[in-house]
Amino acid sequence: MTSNIIKFIHEDRIIEVRNPDPSETLLNFVRTELRKTGTKEGCAEGGCGACTVVLGELKNNQINYIAVNSCIMFLPALQGKQLILVEDLISENGSLHPVQQAMVNYHGSQCGFCTPGFVMSLFSMFKNHGRFKDEVIKDSIAGNLCRCTGYQPIIKAARSLNNRNKIDHFTRNKQSIIALLKKINNKSIAIYKKDKKYFAPRYIQELKKILKKNIDSHLLSGGTDLSLIVTKERKDINSVIYMNSIEELNYIKNNGEYIEVGSTTPLIKFENYIQKYYPDFTAVLKRYGSQQIRNVCTIAGNIATASPIGDTLPILLSLDAKVVLKSIKKTKIISLNDFFIDYRKTKLKKGQFIDSVRIPLFPKNIFKAYKISKRFDDDISSVCASFNLEIINEKVKNIKIAYGGMASIPKRAKYCEKILLNSSITEPIINKAKEALEKDFKPISDMRASRKYRMEVAKNLLRKCFLEITQKKLIRVMD
Ligand SMILES: Cc1cc2nc3c(=O)[nH]c(=O)nc-3n(C[C@H](O)[C@H](O)[C@H](O)COP(=O)(O)OP(=O)(O)OC[C@H]3O[C@@H](n4cnc5c(N)ncnc54)[C@H](O)[C@@H]3O)c2cc1C
Ligand code: FES
Ligand code: FES
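Keep in mind the model is a prediction, meaning the values are calculated, not measured. Each chain carries its own residue numbering, running from 1 in the written order of its sequence. Just so you know, chain letters begin at A and ligand numbers begin at 1, following the order they were written in. With the structure being a predicted model, the display of local features is reserved for residues of pLDDT at least 70 and the display and counting of side-chain atom pairs for 80 or more, all residues being used for whole-chain, interface and lining totals.

Now for the pairing of strand β7 (residues 188-193). Alignment of strand β1 (residues 2-3) against β7, held across two bridges, turns out to be parallel. Along β7, the bridge assignment pairs S3 with I189. Criterion used throughout: strands pair if DSSP finds at least two bridges between them. The helix and strand labels rest on DSSP assignments: H or I over at least four residues marks a helix, E over at least two residues marks a strand, and numbering proceeds from the N terminus. Of the pairings in the sheet, the one linking β7 to strand β8 (residues 196-200) comprises five bridges and is antiparallel in character. Within β8, the residue paired with I191 across the bridge is Y198. Linking β7 back to β8 in an antiparallel pair, the connection comprises two residues, with K194 at a positive phi of about 50°.

What follows is the structure, encoded as structure tokens:
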């Protein structure tokens, strides 16, 4: 069934929006249509967290609560979900939610501009975790900036929640919200508004049919890259196909040889799964944007964006990942190594979409990945490096090294790999391999880092990798 009416749950009832402007942001809708101005706009690009709201999604008969940046989410993505705003946290009898009360008790707010965003991030933490360890607290608020209170009072407020009763009015109302979510969760969306078109298919077959008729459409997954065309460049996107309603593509499978990640799988789901196989992959992903970003964004979006500083890309290159591309009739499996052509240009053709990504398993190999950015959390890489190698009889075998931030595309370091292959790990070899990086890459200077800095960092990361291998211990600043 296809409809042009977006239905979502707010204040315990179903709200319908008929044929909306498909590129209106959720933030704009909340403030101007719902007239709820607690949610703030700071940066309009997903970076400050002031606009954080929480969405309730139906998963396996339960509600999954996710914090999102409403400034970079388009309104139709609300279809089938529960919208929770900061105004909704207070109980009917006027008492504050435990999260709000904790912020009061611990003086977690001064000017208050960031406060609704922090409260919503902490609310999402409160709903999703049983215990609030410092690691969980910091991860939950890493996407929220505060410029006057400072973070310590907010962290103390969050820690105090460990002693609070976890039953709130959302727990008490849960069954009735689940019943409402079930009522609205079952249709595909097609919106035609002036010169704009928006489609949200629910099945791959439907997606293919829509693609056939709308070959010039932009595919939209988490929107954490694409939406910035609207919010930052102030341009319109005329035709959009929203992928993230396709549950068939939201999966992680493992056949013992490789892990396959469906293209609509949120990064946060993958980040937890991959920890067991490649802990450094998870360590990099924990510093990728924020929870608000990772709750919606996808590896497929990261690959298709093809940014030279996309964090998953050097890691996937070093792991020899393959991209499964589908079009109306054909399926093509292509090595990621052959996928990037030039700055933000890929082999993806019109009418094709990324169906999934296959990440080989190398149980015998040593795998390491490092992200270097100006700010530890919620910052884009200056340089990202990834190493995947086997050591047999003290010699380096099967080595794959890739870097981001060192060229116009994320790229393997082929000259460097050649020096290391079949060699023992000695100081002269490491030095030669470092020199080879000069042949592999000619980095540029930009606002994130100078050319010289990037090269120095790339060499130091190589050295760090081999020091960690030979000394059999991790060298990490945060340890
Ligand atoms: C505040 C903020 C912080 C960020 N931090 C990081 C970071 O630390 N590291 C990092 O690497 N990136 C970061 N990003 C960039 C962005 O989050 C990533 O590139 C993300 O992976 C994009 O995924 P998405 O699902 O949101 O893609 P979208 O924005 O939906 O789409 C991005 C591009 O991919 C295409 N696309 C989407 N899905 C498909 C598909 N299935 N098949 C074919 N094409 C498709 C779209 O048409 C579009 O061209 C950040 C962005 C923001 C706003
Ligand atoms: S307004 Fe800054 S993240 Fe949305
Ligand atoms: S309280 Fe002022 S920015 Fe956080």
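Our focus in this paragraph is the site of ligand 1. For ligand 1, the set of nearby residues contains 31 residues, the closest of which are S221, G222, G301, N302 and A304. Counting only elements with at least two residues in the shell around ligand 1, the list comes to β9 (218-220), α13 (299-305) and β17 (353-360). At five residues, the largest contribution of residues to the shell around ligand 1 is made by α13. Among the residues forming the shell around ligand 1, the class breakdown is 14 nonpolar, 14 polar and three charged. Being near a molecule or strand means, for a residue, that its C-beta atom, positioned from the backbone, comes within 6 Å of it. For this classification, the nonpolar set comprises Ala, Val, Leu, Ile, Met, Phe, Trp, Tyr, Cys and Pro, the charged set comprises Asp, Glu, Lys and Arg, and every other residue, Gly included, is treated as polar.

Here the focus is the sheet that holds β8. Strand order in the open sheet formed by five strands is β1-β7-β8-β10-β9, and the pairing between neighbours is mixed. Both edges of this open sheet fall to β1 and β9, since each of them pairs with a single strand only. Where β8 and strand β10 (residues 239-242) come together, three bridges link them in parallel fashion. The residue of β10 that forms the bridge with K197 is S239.

Taken together, the five strands give an open sheet; going across it, the order is β11-β12-β17-β13-β14, and neighbouring strands pair in antiparallel fashion. The sheet is open, and its two borders are formed by β11 (252-254) and β14 (331-335), each paired with just one other strand. Ignoring strand direction, the axes of neighbouring strands in this sheet form an average angle of 20°. Pairing geometry for strand β12 (residues 258-262) and β17, over five bridges, is antiparallel. In the strand pairing of β17, G262 is matched with S356. Axis geometry follows a simple rule: fit a line to the C-alpha atoms, using only the stretch in contact for helices, then measure angles between N-to-C directions, giving values from 0 to 180 degrees.

Purely geometric stuff here, so don't read any function into it on its own.
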